[in-house]
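Listed below, chain by chain, are the residues.
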Amino acid sequence: MNSSLPWLSVLWLLPLAGSVLIILLPPGLHRAVKWIGVAMSILTLAVSLVVAAGFKAGGDTYQFGEKHSWIPSFGAGYTLGVDGIGLILVLLTTVLVPVLLVAGWNDGGDADDSSGREGRPRGVHAYVALTLAIESMVLISVVALDVLLFYVFFEAMLIPMYFLIGGFGQGTERSRAAVKFLLYNLFGGLIMLAAVIGLYVVTAQHGEATFDFVRLVTDVREGKRFADVDPAVFKALFLGFMFAFAVKAPLWPFHRWLPDACVEATPATAVLITAVMDKVGTFGMLRYCLQLFPDASTYFRPVIVTLAIVGVIYGAIVAIGQTDMMRLIAYTSISHFGFIIAGIFVMTSQGQSGSTLYMLNHGISTAAVFLIAGFLVSRGGSRLIADYGGVQKVAPILAGTFLVSCMATLSLPGLAPFVSEFLVLLGTFNRYWIAAAFGVTALVLAAIYMLWLYQRTMTGPLAEGNEKIRDLVPREMAVVAPLIALLLALGVYPKPVLDRINPSVEHTMSTIRQQDPAPTVPMGVRPTTAEGPHR
């Protein structure tokens, strides 16, 4: 769809404009600010749906392109475009943000809410504005086609998230968790900055300096411009990019900041971290690491797949031992990110399609389980699993929706994450069957920690003090219902999403010069020819 209207610019500028507008409003307009935030996020969702409707599956790789001069002396431009992979993350972001604003309706701490949190004159303004600012920065990160433009917003989104965790978190250690989050990610970003500068130097030494992603990928694929560059240079640049993405994603062992951030933040902010912001890390691996440095990606592939599978098993085992409900859910995300990263780096079409679909499905399922658990914690006043029991007797809708979200998290067939996890395991098996065999063990471990969580909180006799827990109210049902509907719909009919993902995956596979491994003959079966079996 070619249009004179710059849809991608409108897409990311709308929430940014909403953020600025809210900050300029006078204090005291708490309810108006909340509704303005929801309205701006819904408008952004409408624009993303226009982009999705106009996106032609199987058409140009990057559509809705925009290109303007930005910093010509550095070879940097304001270049935007969206492919099928970016489109899925755009839709995930724009669907979740209005849901999160409604879910966190009282998280701003205005004086007249019922959360019991201390009110501040402009607390709601800051909370809503920061959320919209993160949405804006995530959106431009996934549609940017200039490496420097991507880097600027990849780093900028850390600042509003730092204030959301430290300023509006509900834990006693929220300031410490916010600083830990910022230091981890800033350090990763500084390493990436060195790699971005190194990339600029390499391009300047071999022709015209540029940050144009499409041009760089073309030059790398053709192999002429950078033919005399030492492969060690590209390996070092790859590691610079990969380190930042591994911290953001996060990949084991760079995950240490995530559990603390998710526990100390509000449930809505925890979802914003794991379901939205962290996806920029896995997206960066798929777009920048693989396509800019295909040979280096292949060289480091076994190590990264190994770390990813270790993360899959580690996250699942540690989740089993948790007593804090929110920390348990945070560790499940570490396990799921291991699946996503493994699918990316096995470099098969099934693995990469599965990983992209997993980004979407993990975002939806994690949003559901985090938010419903948050509703329960807000009622019970405790994050400890042992403080609950028999909740289904007093809150059947809460318990029922929590069961569906738990089943989705453990990838039950018929729910959305199953399809993506199956594709990742299939793609991994085709390249590294041992890694896939270890990865499958996480399915059993996931059943243990999610079923155990549900059993201890929702079934059995009603625990003392839980009789005061009330069921979901209409606002909360409005949050949960679309998430459950998406889990069911994508679980039985993922084709529309895969139709948009697969052409982009084929483009990536072609760019990195990889093909799916040929099927191998099973052990113990002799190959045959047209003349019959060999004897």
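Located above this text is the structure these notes cover.
Given the structure is predicted, the values throughout are model-derived calculations rather than measurements. (Residues numbered from 1 in each chain as written. Predicted model: local features only at pLDDT ≥ 70, side-chain atom pairs only at ≥ 80, totals over all residues. Heavy atoms only, no water.)

**Some details on the overall build of the protein chain**
No. 1: Scanning the protein chain from N- to C-terminus turns up 20 helices and four strands.
No. 2: Computed over C-alpha atoms, the radius of gyration of the protein chain comes to 23 Å, within 12% of the 24 Å expected from 2.2 N^0.38 for 535 residues, which places it in the range of a compact globule.
No. 3: In terms of its C-alpha atoms, the protein chain occupies a principal-axis envelope of roughly 70 × 65 × 40 Å.
No. 4: Taking the intrachain contacts of the protein chain between residues at least 6 apart in sequence as the baseline, contacts between residues at least 24 apart amount to 80%. (Helix = DSSP H or I, 4+ residues; strand = E, 2+ residues; numbered from the N terminus. Rg over C-alpha atoms; globule rule 2.2 N^0.38 Å. Contact = heavy atoms within 4.5 Å.)

**Thoughts on helix H9 (residues 231-248)**
No. 1: Between its first and last C-alpha, H9 extends 26 Å over 18 residues, near the 26 Å set by a 1.5 Å rise per residue.
No. 2: Looking at where H9 begins, the residue whose side-chain oxygen comes 3.0 Å from the main-chain nitrogen of Ala232 is Asp230. (Expected span 1.5 Å × (residues − 1). Polar contact = N/O pair within 3.5 Å; in protein donor to acceptor, adjacent residues only side chain to side chain.)

**What about the environment of Gly363?**
No. 1: Mapped onto the elements, Gly363 comes out in helix H15 (residues 349-380).
No. 2: Measuring from C-alpha to C-alpha, the distance between Gly363 and Ile501 comes to 16 Å, with 138 residues separating the pair along the chain.
No. 3: Non-local contacts of Gly363, meaning those with residues more than four positions away in its chain, are made with Leu92, Leu96, Ala275, Lys279 and Tyr358.

**Points about the nonpolar core**
No. 1: In terms of nonpolar packing, the biggest core is built from 192 residues, with Phe241 and Phe345 touching the most fellow members.
No. 2: In terms of residue count, H15 provides more of this core than any other element does, 15 residues in total.
No. 3: If near-sequence neighbours (up to four positions away) are discounted, Phe241 is found in contact with Val147, Met192, Ala195, Val196, Leu199, Tyr288, Cys289 and Phe293. (Core = buried A, V, L, I, M, F, W, Y, C linked by side-chain atoms within 4.5 Å. Buried < 20%, exposed > 50% of the residue type's maximum accessible area, 1.4 Å probe, protein only.)

**Side note on unusual backbone geometry**
No. 1: For the peptide bond that leads from Ala249 to Pro250, omega is -10°, which places it in the cis range.
No. 2: If you trace the backbone, Pro250 turns up in the loop between H9 and helix H10 (257-264).
No. 3: A cis geometry characterises the amide bond from Trp252 onward to Pro253, with omega recorded as 10°.
No. 4: For Met347, which is not a glycine, the phi torsion comes out positive at approximately 60°.
No. 5: With relative accessibility at 1%, the residue Met347 sits in the buried group.
No. 6: In this structure, Ser411 takes a positive phi of about 65° despite not being glycine.
No. 7: Following the sequence through the fold, Ser411 ends up in the loop between helix H16 (396-409) and helix H17 (416-431).

**Structural notes on the packing of aromatic side chains**
No. 1: Going through the model one piece at a time under the given rule, you end up with 26 aromatic pairs.
No. 2: Aromatic side chains Phe181 and Trp257 sit 5.4 Å apart centroid to centroid with 65° between the ring planes, which places their arrangement in the edge-to-face category. Here Phe181, found in helix H7 (residues 174-205), pairs with Trp257, found in helix H10; they are 76 residues apart in sequence, far enough to count as distant.
No. 3: Residue Phe181 is classed as buried on the basis of its relative accessible area of 0%.
No. 4: Put simply, the rings of Tyr62, Phe150, Phe154, Phe213, Phe234, Phe241, Phe245, Tyr288 and Phe293 pair up and form one aromatic cluster.
No. 5: The ring of Trp452 carries Arg456 above its face, with NZ or CZ at 3.8 Å from the centroid. (Phe/Tyr/Trp six-rings, centres within 6.5 Å; stacked < 30°, edge-to-face > 60°. Lys NZ or Arg CZ within 6 Å of the ring centre and 35° of its normal.)

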